[in-house]
Amino acid sequence: QVKLVESGGGLVQPGGSLGLSCAGSGFPFSATTMSWHPQAPGKERELVASISSPGGRTNYADSVKGRFTISRDNARNTVYLQMNSLKPEDTATYYCSALRGRNYWGKGTLVTVSS
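Asker: Please provide a residue-by-residue account of unusual backbone geometry, values included.
Answerer: For the bond running from Ser53 to Pro54, omega is 0°, close enough to zero to count as cis. Mapped onto the elements of the fold, Pro54 is located in the loop between β5 (49–51) and β6 (58–60). A positive phi is found at Ser85, a non-glycine position, where the angle reads about 50°. One can find Ser85 in the loop between β8 (78–83) and β9 (92–99). Relative accessible area serves as the criterion here: at 41%, Ser85 is assigned to the partly exposed category.

Asker: For the pairing of β9, give the residues involved together with the corresponding values.
Answerer: Counting buried positions over the eight residues of β9 gives six, a clear majority of the element. Both β9 and strand β11 (residues 109–113) contribute to a ladder of three bridges, which runs antiparallel. Each residue of the ladder has a partner; that of Tyr94, found in β11, is Thr109. Pairing of β9 with strand β10 (residues 103–105), which is carried by three bridges, proceeds in the antiparallel orientation. Residue pairing across strands places Ala98 opposite Tyr104, the latter belonging to β10. Taking the residues that link successive antiparallel strands as the turn, the β9-β10 hairpin has three residues, and the phi of Gly101 there is positive, at about 80°.

Asker: Give me the packing of aromatic side chains: which residues, what numbers.
Answerer: Under the counting rule described, the total for this entry stands at one aromatic pair. Between Phe27 and Phe29 the ring centres are 6.0 Å apart and the planes differ by 45°, which places this aromatic pair in the tilted class. Neither residue differs from the other here; Phe27 and Phe29 are each classed as buried. One Lys or Arg, Arg45, reaches over the ring of Tyr95 and ends 3.7 Å from the middle of that ring.

Conventions and cut-offs
- Residues numbered from 1 in each chain as written.
- Predicted model: local features only at pLDDT ≥ 70, side-chain atom pairs only at ≥ 80, totals over all residues.
- Heavy atoms only, no water.
- Helix = DSSP H or I, 4+ residues; strand = E, 2+ residues; numbered from the N terminus.
- Buried < 20%, exposed > 50% of the residue type's maximum accessible area, 1.4 Å probe, protein only.
- Pairing = 2+ DSSP bridges.
- Phe/Tyr/Trp six-rings, centres within 6.5 Å; stacked < 30°, edge-to-face > 60°.
- Lys NZ or Arg CZ within 6 Å of the ring centre and 35° of its normal.

Here it is as structure tokens:
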């Protein structure tokens, strides 16, 4: 079955950087669009970055353009999210998703941006 495991969350100061990883298994990773979705407390889960495969086309929400970079390594079945210039409003649990007819989700990793 589809399994997604996120890692890399933690506490970072405003203006800092953090890198997230998501390892996928149980599905054809190299043929699957992957994405990242933060969910802040009391708010809906939102799409901030996606990457297609094959092709590697990327899309970003306006709120993260120029600050976040999504990438993937199909040989490692892993998708990444590099987050720079972090803001307190980026604080959220970040979920990885695999789009296979519907969204499949990992359990998330918590990112806290605070001084």
